[in-house]
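Structure assessment
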Amino acid sequence: MMNSTTSTAGGVAGGVISCKAAVAWAAGEPLVIEEVQLSPPGPLEIRIKVVSTSLCRSDLTAWISEAQPQLFPRIFGHEASGVVESVGHEVTEFEDGDHVLTLFTGECMSCRHCTSGKSNICQVLGLERQGLMHSDKKTRFSVKGKPIYHYCAVSSFSEYTVVHSGCAVKISSIAPLEKICLLSCGVAAGLGAAWKVANISKGSTIVIFGLGTVGLSVAQGAKLRGASHIIGVDINPEKSEKAKAFGVTDFLNPNDYDQPIQQVIHQMTDGGADYAFECVGDTGLITTALQSCCSGWGLTVTLGVPKENPEIAAHCGLFLSGRTLTGSLFGGWKPKSELPSLVDKYLQKEIKIDEYITHNLMFEDINKAFDLMRQGQCLRCVMHMPK
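Residues numbered from 1 in each chain as written. Predicted model: local features only at pLDDT ≥ 70, side-chain atom pairs only at ≥ 80, totals over all residues. Heavy atoms only, no water.

**A short note on helix α7 (residues 261–269)**
Within the sequence span of α7, burial applies to Ile261, Gln262, Val264, Ile265 and Thr269. One face of α7 carries all of its buried residues, which in axial projection span an arc of 155 degrees. Those residues of α7 hidden inside the fold are in contact with β11 (205–209), β12 (229–233), β13 (250–252) and α8 (283–292). Asp270 sits one or two positions beyond α7 and adopts a positive phi of about 60 degrees. (Buried < 20%, exposed > 50% of the residue type's maximum accessible area, 1.4 Å probe, protein only. Helix = DSSP H or I, 4+ residues; strand = E, 2+ residues; numbered from the N terminus. Arc of directions from axis to C-beta. Contact = heavy atoms within 4.5 Å.)

As structure tokens, this is what we get:
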């Protein structure tokens, strides 16, 4: 599984390298900075020197492992930017020194879904759930001879990582890697849900459940589309002021009301919102979001990753009255084909990214990032790798 030759990071290209990584040894236990061994890139793979990586709530959910397979030891992390260190055989689109974003769901460009124009769910490089590489179903990391599972075939909580070349996208070298890493997941997912999945129309009414990075990115996308009324729902009162900067016009805390929040929304919107977005990962809230939409054309988009109870229950009358429920993975973006356009929008100051970064931490403080997210005290913590 591992090449027999070993060199230190930055040494002989193509050999096994030793580097620092944050290893999760068990569910919910603090990550441990370990010296790990990382294989060279195989065919159609690239090895990346990670520059910046941010903590996404799905990393937290998988680490707690309430609704996930128990795959440990494991290296989490999937929202990252870096520089190509070396490339494997048959790789033609990347070369050493290219700036890249990692992709937790890839794009092979040739499967039925990739060529359909209707989907971003690649049949070859889609979401990897077994903690292994797409190509050979093995790991590239080990510690003291013990294999370490991957996360989403990315594992960016490491100084270096290996990914399939279809799970990375080359970006402009002038984009700041310490900011642009957020487009690897959260910000892009929210913008895409608003623009591509819901296709929000001007003057419409929106309700967003959960005002984390994804929910606030939906709000940003809705504002840029000209939505007239953007209602944000969250049980954390500290989110109220922050949300206004991203376009939220009304903040609702369900704990402040005696009646169900969907009834409050119906009263505010003359019968329900045009669009509702569930950004928490609570399947019970999906029903609430559906009930918050208007009959006839109300559309609910669910984006959150469930922490427990992944089954959805909803009365069929909600659908018979014309409401629609749809899911969204990565905002519907084809990651390799379309992500560079979002990078360009950021560079042209058409979209916000910097404002989601509430904390900048050194890599060795990664457990603090997990604590901040668990306590609801951050949007995005960006971890900076040693130079």
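**Considerations on the confidence of the model for the protein**
A residue-level look at the protein finds 96% of positions with pLDDT of 70 or above and a mean pLDDT of 93. For the stretch residues 1–12, pLDDT sits under 50, and the model shows 30 contacts to residues farther than four places along the chain or on other chains. (pLDDT = per-residue confidence, 0-100.)

**Observations regarding the nonpolar core**
Residues Phe157, Ile180, Leu183 and Phe277 are the most contacted members of the largest nonpolar core, which totals 89 residues. Top element by residues in this core is helix α4 (residues 186–197). It accounts for six residues. Non-local contacts of Ile180, meaning those with residues more than four positions away in its chain, are made with Ser81, Leu101, Ile171, Ala175, Val343, Tyr346 and Ile353. (Core = buried A, V, L, I, M, F, W, Y, C linked by side-chain atoms within 4.5 Å.)

**A word on the packing of aromatic side chains**
Considering all chains together, one arrives at seven aromatic pairs under this definition. Put simply, the rings of Trp63, Phe157 and Phe370 touch in pairs and so form one group of aromatic residues. One Lys or Arg, Lys352, reaches over the ring of Phe246 and ends 5.6 Å from the middle of that ring. (Phe/Tyr/Trp six-rings, centres within 6.5 Å; stacked < 30°, edge-to-face > 60°. Lys NZ or Arg CZ within 6 Å of the ring centre and 35° of its normal.)

**With respect to the pairing of strand β9 (residues 160–164)**
Side chains on a regular strand alternate between the two faces of the sheet. The buried fraction of β9 is high, at five of five residues. Judged by which residues are buried, β9 turns out to be covered on both faces: Tyr160, Val162 and His164 on one side and Thr161 and Val163 on the other are all buried. Of the pairings in the sheet, the one linking strand β4 (residues 45–54) to β9 comprises five bridges and is antiparallel in character. The partner of Lys49 across the bridge, within β9, is Tyr160. (Pairing = 2+ DSSP bridges.)

**Looking at the packing of α7 against α8**
Their axes nearest at 9 Å, the elements α7 and α8 cross at an angle of 20 degrees. Between α7 and α8, the angle is such that the two are roughly parallel. Handedness of the α7/α8 crossing: right-handed. In this structure, α7 contributes Ile261, Gln262, Ile265 and His266 to the contact, and α8 contributes Thr288, Gln291 and Ser292. Tallied by class, residues from the contact of α7 with α8 come to two nonpolar, five polar and no charged. (Axes fitted to C-alpha atoms, helices over the stretch in contact; angles between N-to-C directions. Parallel < 35°, antiparallel > 145°, perpendicular 65-115°, else oblique. Left-handed = near helix turned anticlockwise from the far one by under 90°. Nonpolar A, V, L, I, M, F, W, Y, C, P; charged D, E, K, R; others polar.)

**A short note on the pattern of salt bridges**
Pairing is possible between side chains of opposite charge, provided their charged atoms come close. For the structure on display, the rule yields 10 salt bridges. With its nearest N and O atoms 3.5 Å apart, the salt bridge here joins Asp234 to Lys239. Since its relative accessible area comes to 10%, Asp234 is described here as buried. Of the charged contacts, one joins Glu350 and Lys345 as a salt bridge, the two residues approaching to 3.4 Å between their closest N and O atoms. (Salt bridge = Lys/Arg side-chain N within 4 Å of Asp/Glu carboxyl O.)

**Some details on α4**
Along an α-helix, residues three or four positions apart point the same way, because every turn accommodates 3.6 residues. Buried residues dominate α4, accounting for 10 of its 12 residues. Along α4, the positions that sit buried rather than exposed are Gly186, Val187, Ala188, Ala189, Gly190, Leu191, Gly192, Ala193, Ala194 and Trp195. Looking at the buried positions of α4, the neighbouring elements they touch are β5 (79–87), α5 (213–224), β14 (275–278), β15 (299–302), α10 (335–347) and β18 (380–384). Backbone geometry just downstream of α4 places Asn199 in the positive-phi region, at approximately 55 degrees.

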